[in-house]
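Architecture at a glance
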Amino acid sequence: GGFTVTFPDFPEGITQGETEEDCIAEARDCLDEVLASRVNAQESIPQPSRIGKFAVEPSAQLAAKVALYEAFQESGINRSTLARRLEIAETEVRRMLDPHHPTKLPRIEGALSALGKKLRIEVVNA
């Protein structure tokens, strides 16, 4: 019994669960780890494909980190330059770009702003 979950945009992402509810929870965890792995490996992150019946989103913290990573990659600058813009140490920039480091949201917002981006949060019905 059970269900298998795959991601059309991430062939490395596969998980399973016994019920649909389990699958959704496992899929979110799996998606977070796949995205974190891509960020750590400095790989590209594709735009989401059209979804059929089920869709999951990454955790809010990881979504913000991925947004920062993508903005940083798009900017073409290095960590030292971003650190100078933010007037912080380069080690702090490294932590901000680390998907597993618990960077506070205002820090991510500040970094995005320095990269010409704005973080927008949306609340929707579950």
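A brief report on the enclosed structure follows. Since the structure is predicted, the reported quantities are computational estimates derived from the model, not experimental observations. (Residues numbered from 1 in each chain as written. Predicted model: local features only at pLDDT ≥ 70, side-chain atom pairs only at ≥ 80, totals over all residues. Heavy atoms only, no water.)

1. Examining the overall build of the protein
Formally: Secondary structure elements are taken from DSSP: a helix is a run of H or I of four residues or more, a strand is a run of E of two residues or more, and numbering for both begins at the N terminus. For the exposure calls, accessible area comes from a 1.4 Å probe over protein chains only, and a residue counts as buried if that area is under 20% of its type's maximum, exposed if over 50%, partly exposed in between. Contacts are residue-level and defined by heavy atoms, with any inter-residue pair within 4.5 Å sufficient.
Summing up its helical and strand segments, the protein has 5 helices and 2 strands in all. For the protein, the sequential pattern of α-helices and β-strands runs β-β-α-α-α-α-α. Counting only C-alpha atoms and orienting by the principal axes, one finds that the protein spans roughly 55 × 30 × 25 Å. Across the 126 residues of the protein, 33% fall into the buried class. When contacts within the protein are restricted to residue pairs at least 6 apart in sequence, long-range pairs at least 24 apart make up 57% of them.

2. Notes on the pattern of salt bridges
Heads up, the rule is: Salt-bridge detection follows one rule: a side-chain nitrogen of Lys or Arg within 4 Å of a carboxyl oxygen of Asp or Glu.
For the structure shown, the criterion picks out 5 salt bridges. When the shortest N-O distance is used, the salt bridge between Glu 92 and Arg 95 registers 2.9 Å. One end of the pair, Glu 92, and the other, Arg 95, are both in helix α4 (residues 90–97), 3 residues apart, so they sit about a helical turn from each other. Arg 95 sits in the partly exposed class, given a relative accessible area of 35%. It is possible to trace a salt-bridge network through shared partners that takes in Glu 12, Arg 38 and Glu 43.

3. Quick notes on the state of the cysteines
In plain terms, the rule: Whenever a pair of cysteine sulfur atoms sits within 2.5 Å, that pair is classed as a disulfide.
Across all of its chains, the model carries 0 disulfides by this definition. This cysteine, Cys 23, is not joined by any disulfide, and Cys 30 carries the nearest cysteine sulfur, 11 Å off. Its relative accessible area of 13% is what places Cys 30 among the buried residues.

4. Considerations on the pairing of strand β1 (residues 3–7)
Regular strands place side chains that alternate from one sheet face to the opposite one. This is how it is decided: Here, strands pair whenever DSSP counts at least two bridges between them.
For β1 and strand β2 (residues 10–17), the ladder comprises 5 bridges, and the chain directions are antiparallel. Along β2, the bridge assignment pairs Phe 3 with Gly 17. The antiparallel hairpin formed by β1 and β2 contains 2 residues in its connecting segment.

5. Notes on the packing of helix α3 (residues 79–86) against α4
Under the convention used in this document: Helix axes are fitted to C-alpha atoms over the stretch in contact, other axes to C-alpha atoms as well, and angles between N-to-C directions run from 0 to 180 degrees. For classification purposes, angles smaller than 35 degrees are called roughly parallel, those larger than 145 roughly antiparallel, those between 65 and 115 roughly perpendicular, and all remaining angles oblique. Ten residue types, Ala, Val, Leu, Ile, Met, Phe, Trp, Tyr, Cys and Pro, are classed as nonpolar, four, Asp, Glu, Lys and Arg, as charged, and the remainder, Gly among them, as polar.
Where α3 contacts α4, the axes come no closer than 8 Å and their chain directions differ by 105°. Taken together, the axes of α3 and α4 lie roughly perpendicular to each other. Here α3 contributes Arg 79, Ser 80, Leu 82, Ala 83 and Leu 86 to the contact with α4, which in turn contributes Glu 90, Val 93, Arg 94, Met 96 and Leu 97. Class assignment for the residues of the contact of α3 with α4 results in 6 nonpolar, 1 polar and 3 charged.

6. Here's the deal with the environment of Arg 95
Where we set the bar: Counted as a polar contact is a pair of N or O atoms within 3.5 Å, where, for protein atoms, one must be capable of donating a hydrogen and the other of accepting one, and residues adjacent in sequence contribute only when both atoms are in side chains.
Distance in space between the C-alpha atoms of Arg 95 and Ile 14 is 28 Å, their sequence separation being 81 residues. Excluding anything up to four places from it in sequence, Arg 95 contacts Lys 65, His 101 and Thr 103. In this structure the side chain of Arg 95 is engaged in a polar contact, spanning 2.9 Å, whose partner is the side chain of Glu 92.

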